[in-house]
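# A structural walkthrough
Listed below, chain by chain, are the residues.
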Amino acid sequence: METRVRSVVSSLETGSEDVHLIGIKGIGGGGKSTLARAVFDLTSVWFEGVSFVENVREVSKGSSTGLKELQKQVLIDVLADQNIDVTSVSDGKNKMKRMMPGRKALVVLDDVDDIEQLDALAGELTWFKPGSRIVITTRDQQVLVAHGVSIIHDVNLLSDEEALCLFSRYAFKKDIPNQGYEELSSKVVHYAAGLPLTIKVLGSHICGRSDHVWKDAIERLKTIPEDRTLKRLEISYNGLEDDQKEIFLDVVCMMKYKKKEDAICILDSCGYYAEIGLGVLEQKSLITISNFGELDFYDRIEEMGWNIIRCLHPNEPSRHSRLWIKEEIEDILVKELGTKATRSMYLRSSNLHPVIIMKGIRKMEELRLLDVRCYAKEVDEVSKYLPDALQSLCWSCYPFRSLPEMFQANNLVYLEMHECNIIELWEGGERKVFNKLKFLDLSNSLKLRTFDLSMTPHLEELNLEGCGDFVELQSPVECPNLKVLNLSRSKVSHLNIGMVPHLEELYLEDCSHLKEIHAPVGCLKKLVYFSLSKCLNVAYLKVDKQHESASLIDTVEIKVRCEDVTNYFLGFWFTCIYDEPRSSWSGNLEKLFRFGSCVCENHEYFLATICDLQHLRELTLSQSIPQDLWQLESLEKLSLSEQQFQHLPDSIFMLKNLKSLKLSYCWDLEQLPENICRLECLENLIIRDSGLLLSIPNNICKMKCLKLLEISSCDSIKKLPEELGSLECLKELWIEDTDINRLPRSIYQLKGLRIYGSMWQLESYGFTSILADENHRWYAKYYYVEL
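Residues numbered from 1 in each chain as written. Predicted model: local features only at pLDDT ≥ 70, side-chain atom pairs only at ≥ 80, totals over all residues. Heavy atoms only, no water.

## Side note on the nonpolar core
In plain terms, the rule: Here, nonpolar core refers to any group of buried Ala, Val, Leu, Ile, Met, Phe, Trp, Tyr and Cys residues whose side-chain atoms link them within 4.5 Å. Categorising residues by exposure relies on relative accessible area from a 1.4 Å probe, with only protein chains included: less than 20% of the type maximum marks a residue as buried, more than 50% marks it as exposed, and the intermediate range marks it as partly exposed. Put simply, DSSP marks the helices as runs of H or I at least four residues long and the strands as runs of E at least two long, and each gets a number from the N terminus on. The contact definition used throughout considers only heavy atoms, calling two residues in contact when any of these lie within 4.5 Å.
Grouped together as the largest cluster of nonpolar side chains are 61 residues, with contacts concentrated most on L386, M417, F451 and L462. Contributing elements (two or more residues each) for this core: α17 (326–334), β9 (344–348), α18 (354–360), β10 (369–373) and β11 (392–396). When residues in this core are grouped by element, the largest group, three residues, is from α17. When near neighbours in sequence (up to four residues on either side) are disregarded, F451 contacts L425, L440, T456, L462, L464, F470, E472, L473 and Q474. Membership of the second largest hydrophobic core comes to 54 residues, among which are L648, C666, I696 and L730.

## Re unusual backbone geometry
Positive phi is not limited to glycine here, since A80 has a value of about 55 degrees. The class of A80 is buried, set by a relative accessible area of 4%. One non-glycine residue, S349, adopts positive backbone phi at about 55 degrees. In this structure, S349 sits in the loop between β9 and α18.

## Side note on the state of the cysteines
Here is the rule: For the purposes of this analysis, a disulfide is any pair of cysteine sulfur atoms at a distance within 2.5 Å.
Throughout the structure, instances matching the rule amount to zero disulfides. This cysteine, C729, is not joined by any disulfide, and C705 carries the nearest cysteine sulfur, 6.1 Å off. By relative accessible area, which is 31% here, C729 ends up partly exposed.

## Some words on the side chain of S690
Relative to the helices and strands, S690 is located in the loop between β28 (684–688) and β29 (708–712). Under the relative-accessibility criterion, S690 is labelled buried at 0%. When near neighbours in sequence (up to four residues on either side) are disregarded, S690 contacts C666, S713 and C714.

## A few points about the packing of helix α13 (residues 242–254) against helix α15 (residues 274–283)
Here is the rule: Note on geometry: axes are C-alpha line fits, over the in-contact stretch for helices, and angles between N-to-C directions span 0 to 180 degrees. For classification purposes, an angle smaller than 35 degrees is called roughly parallel, one larger than 145 roughly antiparallel, one from 65 to 115 roughly perpendicular, and anything else oblique. Residues are grouped as follows: Ala, Val, Leu, Ile, Met, Phe, Trp, Tyr, Cys and Pro are nonpolar; Asp, Glu, Lys and Arg are charged; all remaining types, including Gly, are polar.
Direction vectors running N to C along α13 and α15 enclose 80 degrees, while the axes themselves pass 9 Å from each other. Taken together, the axes of α13 and α15 lie roughly perpendicular to each other. Two secondary-structure elements touch here, α13 through Q244, I247, F248 and V251 and α15 through A274, G277, L278, V280 and L281. When grouped by side-chain class, the residues that make up the contact of α13 with α15 number seven nonpolar, two polar and no charged.

Have a look at this one:
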């Protein structure tokens, strides 16, 4: 591996100021990602911004938003700014063109298989600052050639020495085998035949196990022909507990790219301890979790799972425990060949009529997990049938007006029906109770008008987003378990959440008919997210004081986010954290929600009125700033981005309680005022990507409370104030991507001060004891010295 890493690193030509594209190609499971990761880890320190983008193929094709999410990841990673958002692939390209040239970047695009992906993520060399490097891994050399990649490395199978090193890392957590295990390790590596994926899985399986397990694994490997690599992977599967095997088979057949939290809900509904099971599968390298929290796995692992299911009855799909191949499922349904053996079925993109699907599953009496992704307009309401054993039911575009009358739903825990035709859950107004249902998603179901929570006494999450004709949520009895409620883009006009006392998340975005929310104090105490964006007609949020609980804490903290997506050029957005004493809940808290809801109607009025929120503690603004900011006497944290001012507004210096000030992408900012020291309580001052800022004023040295000073990507700044050493409380100084060529002499008297920057920058100041800081998630590429 070291030889391969050196070869790729050499081809980076880090001394060149050109932008280079480097390709790595090879078979699936052959070690392309491992090689790219090793190169990335070794060379990250040489660059000002880095990003390792995993599973480009799966993520980009797994959803309609995949590519723009990958673009967002690159921008956030390289620019170290979590607030960056990407609304479309085109927007992502424009942002990369505009923002990426400011930092010399190392970007790895792992597992690319389409030129469209490269066009979106590295479309032109001019997107990147001179000296940047883009590394691309793929199975298809033509993708590299078509994009103009001239340096291409072939990845061959590992040598015995390389294989032993990789195996030892997974089996012993070091580069060589433990004493006494050298011979056993060599035998395992020999039978793995140089395939990195097989070595990785076997090493994870044997890690920490007894000699007996080792010898058993070797004996099994001996019986497997060299060309049957999938059978070798099965050794790890065979070491799982029975319920973990079931989880694995469901995952590889039905849940690729599924969000981990959604998969846990579905698998839990089937009686598994899903979180523990998925953790075991991840530890054994049978699955991975992507950067977006999605389940993923290598193609060979997927093939192994499929073969395990097929092997018992290779020519009789109707007797398989899982069905996932469309052609086989259609044949079984049309011929009504279903059996009790089938426990899970995933049917997608089929043109079968829903009546045929319903009839075809009649004999699948033990079916517990059903996922159907089909679309149909006209249906026969008479032919409805669903097995009573169902525990998880997902049916997008469900075509019937209600659930089957004979369906008992006594075992149903998870019900997801996006864009369905349902008018009411049970036909004729029947009030059959779902005794086990915890998760219900009927989002974008345009015919649903009402829902009665008394039918779902154990419900934890209800999603009715986009139900355009939905007008009333009925709650005649208390729903003590409901934690998440989403009614966004519905026609609800009056909402009483008094019967859901443990609500944690409430989504009411774009509810244009919403006029009144009745929220007794007791039901707000666990609320952590409340969204009222674009609710233009909300008159008030009513707080019923008679429900006040003696055990309620004195203040409630609620996060609210309002975005204006209707005016692209305005680009206004607002976030805040509000700390409101109980004594004034009927005033300012109500005002916060009311004004927050009208931001898209008149953002200038909104800017003027948020200054009346006397207890506002945290405020984030993009592109706009209120004139009366000084009125926010309780403000402690202020973040301003993309502001078009050359000087900070004077109103900021009247915020006597301000502890944190962050300025990002204020490209027109030329100088900080000399009287910045008036911010006597300021502890954190962060300035990023302000290229016209020329200097830091000397009076900053009078800020006795300052603990953190960050000046990043301000490449016009050439020096720091000479008396910076008088800041006795200063603990961190960040000066990455500036033109500061020396540090003030006084700074060396600040014992314990950490100075952060790139390796070459710190070395240029004469430091030799340079350490890596892994605690700053977005600054893992930086190094520091401690005085």
